[in-house]
Amino acid sequence: LHLTGSSISDCSATASGGGIFIDDSVVNLEASLVSKCKAEISGGGAFMIGQSSVHGSGESEKAFSQNHAGQRGGGIAAKLTQGVAIRIVDARLAENDARHGGGISLSSGTLYLIRSRVDQNEAADLGGGLYLEQRAKLSMLHSIVTENNGNTGGGIATNDFFGPCEIIGGYELI
């Protein structure tokens with residue numbers, strides 16, 4: 001799916017993927033925005049499964065904004081199996097909210113967050129910016145998590161009930 005200069009807004013799902021449901025696909029949001037979408041369970045802006053990726057237009061331009069999920073991932077929620085990875089590249093997730101993971105929620109698998117920004121998101125409970133559970137792995141490269149709010153873990157929260165989560169990160173100032 002490739003969107004240029006487009007908007008997906010004011011959409012809703014009774015389960016997951018208020019704006020977009022992504023299954024084993026690549027989504028390019030070139031100067032495009034997913035906003036004001038709602039999912040009653042997970043992924044207000046988008047719900048991702050399988051080997052999927054989202055490419056935005058850069059960390060300064062919002063790709064997912066003002067989305068809401070009742071449980072997990074106001075901006076994006078991903079539910080994966082071990083060994084499966086997703087990528088979020090050149091995207092900004094801002095002003096989203098959920099119970100867990102206001103910006104992004106990841107259940108199992110690996111998330112590669114590359115040249116992206118997660119800011120001004122809110123979680124009623126865990127992980128204002130990101131929430132990781134079920135042995136999830138987060139690998140951040142040249143990405144920023146800032147100005148998020150949550151009851152526990154304003155920036156990032158992990159839940160190791162099913163085993164430890166792993167976070168690897170790096171940011172290089174040029």
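Here, the structure is the one placed above.
Before going into details, it helps to say that this report is about the structure given with it.

1. Details of the environment of arginine 72
- With respect to the helices, strands and loops of the structure, arginine 72 is situated in strand S11 (residues 68–72).
- Among residues more than four places away in sequence, those in contact with arginine 72 are Ile41, Ser42, Gly43, Ala77, Ala98, His100, Ser105, Tyr131 and Glu133.
- For arginine 72, the side chain forms a polar contact with the side chain of glutamate 133, separated by 2.8 Å.

2. Examining the pattern of salt bridges
- The full count for this structure, using the stated rule, is six salt bridges.
- For the salt bridge of lysine 62 with glutamate 95, the shortest nitrogen-to-oxygen distance reads 2.7 Å. In this pair, lysine 62 sits in strand S10 (residues 62–65) while glutamate 95 sits in the loop between strand S14 (92–94) and strand S15 (97–100), placing the two residues 33 residues apart along the sequence.
- Assessed through its relative accessible area of 27%, glutamate 95 is described here as partly exposed.

3. A few points about the state of the cysteines
- Tallied over the entire structure, the rule returns zero disulfides.
- With no disulfide of its own, cysteine 37 lies closest to cysteine 11 among cysteine sulfurs, the gap being 4.2 Å.
- The exposure class of cysteine 37 is buried, given its relative accessible area of 2%.

4. Here's the deal with the sheet that holds strand S22 (residues 144–146)
- Taken in spatial order, the six strands line up as S2-S6-S10-S14-S18-S22 in an open sheet, and their pairing is parallel. Looking at strand neighbours, the two that pair on one side only are strand S2 (7–9) and S22, the edges of this open sheet. Looking at each pair of strands side by side, their axes are set apart by 10 degrees on average, direction ignored.
- Direction of pairing for strand S6 (residues 33–35) relative to S10: parallel, over a ladder of two bridges. Residue pairing for S10: valine 34 is matched across the bridge by phenylalanine 64.

5. Some remarks on the sheet that holds S11
- The strand order S3-S7-S11-S15-S19-S23 describes an open sheet built from six strands, whose pairing is parallel. In the strand order of this sheet, the two ends are held by strand S3 (12–13) and strand S23 (149–152), each with one partner.
- Bridging between S11 and S15 involves three bridges; their strand directions are parallel. Bridged to histidine 68 within S15 is aspartate 97.

6. Concerning unusual backbone geometry
- Its identity is not glycine, yet aspartate 10 carries a phi of approximately 55 degrees, on the positive side.
- Positioned with a positive phi, glutamate 95 is a non-glycine residue whose angle comes to about 65 degrees.

7. Notes on the side chain of asparagine 96
- Along the chain, asparagine 96 turns up in the loop between S14 and S15.
- Judged by relative accessible area, asparagine 96 falls into the buried class, the value being 1%.
- From its side chain, asparagine 96 meets the backbone oxygen of phenylalanine 64 in a polar contact 3.2 Å long.
- From its side chain, asparagine 96 meets the backbone nitrogen of asparagine 67 in a polar contact 2.9 Å long.
- Contacts of asparagine 96, omitting those with residues within four sequence positions, involve Phe64, Ser65, Gln66, Asn67, Gly74, Gly75, Gly102, Gln120, Asn121 and Glu122.

The rules behind each value
Residues numbered from 1 in each chain as written. Predicted model: local features only at pLDDT ≥ 70, side-chain atom pairs only at ≥ 80, totals over all residues. Heavy atoms only, no water. Helix = DSSP H or I, 4+ residues; strand = E, 2+ residues; numbered from the N terminus. Contact = heavy atoms within 4.5 Å. Polar contact = N/O pair within 3.5 Å; in protein donor to acceptor, adjacent residues only side chain to side chain. Salt bridge = Lys/Arg side-chain N within 4 Å of Asp/Glu carboxyl O. Buried < 20%, exposed > 50% of the residue type's maximum accessible area, 1.4 Å probe, protein only. Disulfide = S-S within 2.5 Å. Pairing = 2+ DSSP bridges. Axes fitted to C-alpha atoms, helices over the stretch in contact; angles between N-to-C directions.

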